[in-house]
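Working through the structure, step by step
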Amino acid sequence: MKTNLLTVFLTLFMLSLSAQTPTLQRSGPLIEESAGAGMSAARLANIDKMLTKLIAKEQLPGAVALIARNGKIVFHKAYGMADNSAKKPMKKNSIFRIASQTKAITSTAVMMLWEEGHFRLDDPISAYIPEFGKAQVLDSFNEADSTYTVQPAADQITIRHLLTHTSGIGYGVIDGDPRIKKIYAKADITDLFTTENITIAESVKKLASLPLHHNPGEKFTYSEGLDVLGYLIEIVSGMPFDQFLKTRIFEPLGMKDTWFYLPEEKENRLVAVQHKEKGTWKKYPITFYDTDYPIKGAKRFFSGGAGLSSTAEDYATFLQMYLNKGEFNGTRLLSRTTVQSIMGNQTGDKFTDGTKHYGLAFGVVTPKGQDAGGEGSVGTFDWGGYFNTQYFADPEEKLIGVLLKQTQGKVDDPSGWKFRQLVFAAVDD
């Protein structure tokens, strides 16, 4: 037993050393600076007015907005209520379920291990998770009983396919194909987040036996591929996925409020997921998931695609690391050459109408997107989350925008496009 404990300790110690690589490049930590940084105070005030008005008109229950430029936080404000039923006001350090914003963090972890030479991006995932060895594509489907037939996939799923949502794997309850929804439901696949007593290993192995939408690499289909990669990280690193993120990313960057499941002392900062019911903001009910998953239940399912909760400042810190080309406050997580690959066009014209391409972690604005207006410079990267959270970061302008909310259901909320458009309009240098 002592030998085993020593081996585990040494493994964790060596991994922590490789995580915190010192660098000659040294940015400072994100600090608040009310003036300067090339942003117009008068135009930033328009953002404040916009969000205040939406809260007053009850189009939103609450929000936290953060803007950073040149490594300085120039705007950071909380609006409305974190929980209307409990009359709990929103605060700047309120904690939000960031759902699919988890994906970029998981992708970063994958690329950190790739930098260490553990695998190649075009390796088949079956080399590490053998259950994926017989990839099959959905052929026919019987609506009466959800039975189906398959045909062998033309290619194996690779790590790159999983990073770029081109694997053909689906997304269960939020999938665009009702046949895949039913197949996943019948197989009892865990989607997104859960309070149930299940691990990502158990869920991913079940997922591996199910049919794909299409042959790997053929199309962009938003998927649970990042959950698969969370399990890959456990296999390659020998660490539980949550501990890998904590020791390799969150602690080095000082992201103290980013967790899969919140410590008890942070639970009161969690924002309620709310929806409109007869004109009143109320807590969202339990559906196929319990919105209280970050603070209750088994706390064993570490979803690489949707499981984390965080604050605006923590997530801005993560984005700043990318604007710094992989370095933050004297610690290098990624080489700038790796960041370049992450931002590159990995999906050709499969992703959008040409206004963006998809890299290895983000959607990235193209020249067509820049010229359309309101999206940022070429290379601006972004994504959002299931509970109405969003972010973007513009490497050319060294500009970050984070807008966090927690709503579900039908909501008349134009804050997303307004925030992004007004942030870029506030550039004043």
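Residues numbered from 1 in each chain as written. Predicted model: local features only at pLDDT ≥ 70, side-chain atom pairs only at ≥ 80, totals over all residues. Heavy atoms only, no water.

Along its length, the chain carries 12 helices and 18 strands. A globule of 429 residues ought to have a C-alpha radius of gyration of about 22 Å, and the chain, at 21 Å, matches this closely. Along the first, second and third principal axes, the C-alpha set of the chain runs to 60 × 55 × 50 Å. Relative to its 429 residues, the chain shows a buried fraction of 55%. Across the chain, the fraction of contacts at a sequence separation of at least 24, relative to all contacts at a separation of at least 6, is 69%. Accessible surface, the chain: about 18100 Å² in total, of which carbon and sulfur atoms supply 51%. Seen as two clouds, the 48 positive and the 48 negative side-chain charges of the chain have centres 4 Å apart. (Helix = DSSP H or I, 4+ residues; strand = E, 2+ residues; numbered from the N terminus. Rg over C-alpha atoms; globule rule 2.2 N^0.38 Å. Buried < 20%, exposed > 50% of the residue type's maximum accessible area, 1.4 Å probe, protein only. Contact = heavy atoms within 4.5 Å. Areas by Shrake-Rupley, 256 points an atom, 1.4 Å probe, with all protein chains shown as cover. Lys, Arg positive; Asp, Glu negative; His and termini not counted. Charge placed at Lys NZ, Arg CZ, Asp CG, Glu CD.)

Taken together, V173, I174 and F288 make up a surface patch of nonpolar side chains, about 220 Å² in accessible area. Looking at where I174 falls in the secondary structure, it is placed in the loop between α4 (159-163) and α5 (178-186). Look at I174 and you get partly exposed, because its relative accessible area is 34%. (Patch = residues over 30% accessible without salt bridge, like charges linked within 9 Å, V, L, I, M, F, W, Y side chains within 5 Å. Salt bridge = Lys/Arg side-chain N within 4 Å of Asp/Glu carboxyl O.)

Before going further, it helps to examine the packing of aromatic side chains. Taken as a whole and judged by the stated rule, the model has 28 aromatic pairs. On the numbers, 5.4 Å between centres and 45° between planes, the contact of F260 with F302 is tilted. Residue F260 is found in the loop between α8 (241-253) and β9 (274-277), and its partner F302 is found in the loop between β10 (280-283) and β11 (309-310); the two are separated by 42 residues along the sequence. By relative accessible area, which is 5% here, F260 ends up buried. Owing to a relative accessible area of 12%, F302 belongs among the buried residues under this scheme. (Phe/Tyr/Trp six-rings, centres within 6.5 Å; stacked < 30°, edge-to-face > 60°.)

On a regular strand, each side chain points to the face opposite its neighbour's, so the side chains alternate between the two faces of the sheet. Most of strand β18 (residues 399-404) is tucked away: 6 of the 6 residues are buried. Neither face of β18 is left uncovered, since the one carrying L399, G401 and L403 and the one carrying I400, V402 and L404 both have all their residues buried. In this structure, strand β3 (residues 62-69) lies alongside β18, joined through 6 bridges in antiparallel fashion. By the bridge assignment, R69 is partnered in β18 with L399. Two successive antiparallel strands, strand β17 (residues 389-394) and β18, enclose a turn made up of 4 residues, where K398 displays a positive phi of approximately 55°. (Pairing = 2+ DSSP bridges.)

What follows deals with the confidence of the model for the chain. Here the chain shows a mean pLDDT of 94. Residues at 70 or above account for 94%. Taken as a whole, residues 5-17 scores under 50 in pLDDT and shows 5 contacts with residues more than four places along the chain or in a different chain. (pLDDT = per-residue confidence, 0-100.)

Turning next to the sheet that holds strand β1 (residues 21-22). Taken together, the 3 strands give an open sheet; going across it, the order is β1-β13-β12, and neighbouring strands pair in antiparallel fashion. One side of each edge strand has no neighbouring strand; the edge strands of this open sheet are β1 and β12 (327-328). As defined by bridge partners, β1 adjoins strand β13 (residues 331-332) across 2 bridges and the pair is classed as antiparallel. Its bridge partner lying in β13, P22 is registered against T331.

Turning our attention to helix α6 (residues 200-207). Buried within α6 we find I200, A201, S203, V204 and L207. In an axial view of α6, the angular spread of the buried residues amounts to 165°, which keeps them on one side of the axis. Here the buried face of α6 lies against α5, α7 (225-237) and α8. (Arc of directions from axis to C-beta.)

To continue, consider the nonpolar core. L245, F318, Y322 and F362 are the most contacted members of the largest nonpolar core, which has 92 residues in total. The dominant element in this core, judged by the number of residues it contributes, is helix α9 (residues 312-323), at 8 residues. Here F362 is in contact with A104, F318, Y322, I342, M343, H357, F381, D382 and Y391, once residues within four sequence places are set aside. (Core = buried A, V, L, I, M, F, W, Y, C linked by side-chain atoms within 4.5 Å.)

On to the environment of T287, then. Within the secondary structure, T287 is located in the loop between β10 and β11. When the C-alpha positions of T287 and L30 are compared, they lie 38 Å apart, and in sequence the two are 257 residues distant.

Along the chain, T347 turns up in the loop between α10 (336-343) and β14 (356-358). Take T347: its relative accessible area is 2%, and that puts it in the buried class. Among the polar contacts listed, one links the side chain of T347 to the backbone nitrogen of Y358, at a separation of 3.4 Å. If near-sequence neighbours (up to four positions away) are discounted, T347 is found in contact with T164, T166, F220, H357 and Y358. (Polar contact = N/O pair within 3.5 Å; in protein donor to acceptor, adjacent residues only side chain to side chain.)

Before going further, it helps to spend a moment on the pattern of salt bridges. Enumeration according to the criterion identifies 22 salt bridges in this entry. The closest approach of N and O atoms between E32 and K92, which form a salt bridge, is 3.3 Å. Here E32 is found in strand β2 (residues 31-32), whereas its partner K92 is found in the loop between β5 (88-89) and β6 (96-97), with 60 residues between them in sequence. What makes E32 partly exposed here is its relative accessible area of 47%. Across the pair K206 and D188 runs a salt bridge, and its minimum N-O distance is 4.0 Å. With K206 in helix α6 and D188 in the loop between α5 and α6, this residue pair connects regions lying 18 residues apart in the sequence.

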